[in-house]
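Okay, here's what each chain looks like letter by letter:
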Amino acid sequence: MNDPRALPWWAWVLVGLILGAQGVLLFLDARRRGARAWFWGLIGLIHFPTPTLLYWLLVVRRGRPH
């Protein structure tokens, strides 16, 4: 299963939907918080789930009052 051509078409669609949704959601939340929305949106389109975890650690948790 190391060959990307071995994946069925629906798996590629699922990967695209997951990455697209993550990118859009990160962009919208970062824009609401004023935290470099375009950066987080683009990073969210590249990999899953690392950008969401980093966003949560670097933006969401940092913004919470102690």
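Numbers given to residues run from 1 along each chain, matching the order in which its sequence is written. Local features in this predicted model are restricted to residues whose pLDDT is 70 or higher, and side-chain atom pairs enter the listing and the counts only when it is 80 or higher, whereas totals over whole chains, interfaces and linings include all residues. Computation of side-chain values covers all heavy atoms of the structure but excludes hydrogens and water.

Novice: Talk me through the UniProt feature "transmembrane region" (unreviewed entry) in the protein chain; I want residue IDs and the actual numbers.
Specialist: UniProt positions are given in the numbering used here, feature names are shortened, and annotations may be inferred rather than shown by experiment. UniProt records the feature "transmembrane region" (unreviewed entry) at residues 6–28 and 37–58, using the numbering of this structure. Spanning residues 6–28, this segment combines 87% helix with 0% strand, and its end C-alpha atoms are found 34 Å apart. Put simply, DSSP H or I for four residues or longer makes a helix, DSSP E for two residues or longer makes a strand, and each gets a number counted from the N terminus.

Novice: So, the environment of glycine 44: which residues are in play, and what are the values?
Specialist: Relative to the helices and strands, glycine 44 is located in helix H2 (residues 37–44). Given a relative accessible area of 0%, glycine 44 falls into the buried group. Along the primary structure glycine 44 and leucine 14 are separated by 30 residues, whereas in three dimensions their C-alpha atoms are 15 Å apart. If near-sequence neighbours (up to four positions away) are discounted, glycine 44 is found in contact with Leu19, Gln22, Gly23, Leu26 and Pro51. Buried residues are those whose accessible area, probed at 1.4 Å on protein chains only, stays under 20% of the maximum for their type, while exposed residues exceed 50% and partly exposed ones sit between those limits. When checking whether two residues touch, look at their non-hydrogen atoms; a contact exists if any pair is within 4.5 Å.

Novice: Mind laying out unusual backbone geometry, listing which residues take part and the relevant values?
Specialist: The residue after phenylalanine 48, namely proline 49, is reached through a cis peptide bond having omega -5°. As for its position among the elements, proline 49 is in the loop between H2 and helix H3 (50–63).

Novice: An account of the nonpolar core is needed here, citing residue identities and associated values.
Specialist: Counting residues in each nonpolar core, the largest one holds 9 residues, listed as Leu26, Phe27, Ala30, Ala35, Ala37, Trp40, Tyr55, Val59 and Val60. Contributions of two or more residues to this core are made by helix H1 (9–33), H2 and H3. Throughout, nonpolar core names a set of buried Ala, Val, Leu, Ile, Met, Phe, Trp, Tyr and Cys residues whose side chains join them through atoms within 4.5 Å.

Novice: Before we move on, could you go through the side chain of aspartate 29 and cite the residues and values that matter?
Specialist: Tracing the backbone shows aspartate 29 in helix H1. Side chain to side chain, aspartate 29 and arginine 32 meet in a polar contact 2.8 Å long. One polar contact links aspartate 29 to arginine 33, side chain to side chain, over a distance of 2.8 Å. Not counting residues within four places of it along the chain, the set of residues in contact with aspartate 29 comprises Tyr55 and Val60. Side-chain atoms alone can form a polar contact between residues adjacent in sequence; in general such a contact is a pair of N or O atoms within 3.5 Å, and within protein one must be able to donate a hydrogen while the other accepts it.

Novice: I'd love a proper account of the packing of H2 against H3, names of residues and values included.
Specialist: Comment: axis = line fitted to C-alpha atoms, over the contacting stretch for helices; angle = value between 0 and 180 degrees taken between N-to-C directions. Interaxial distance between H2 and H3 falls to 9 Å at its minimum, and their mutual angle equals 150°. By the criterion of interaxial angle, the relationship of H2 to H3 is roughly antiparallel. Where H2 abuts H3, its residues Trp40, Ile43 and Gly44 lie against Pro51, Leu54, Tyr55, Leu58 and Val59. Residue classes follow a fixed rule: Ala, Val, Leu, Ile, Met, Phe, Trp, Tyr, Cys and Pro count as nonpolar, while Asp, Glu, Lys and Arg count as charged, and any other residue, Gly among them, counts as polar. Residue composition of the contact of H2 with H3, grouped by class: 7 nonpolar, 1 polar and no charged. By definition in this entry, angles of less than 35 degrees are roughly parallel, angles greater than 145 are roughly antiparallel, angles of 65 to 115 are roughly perpendicular, and the rest are oblique.

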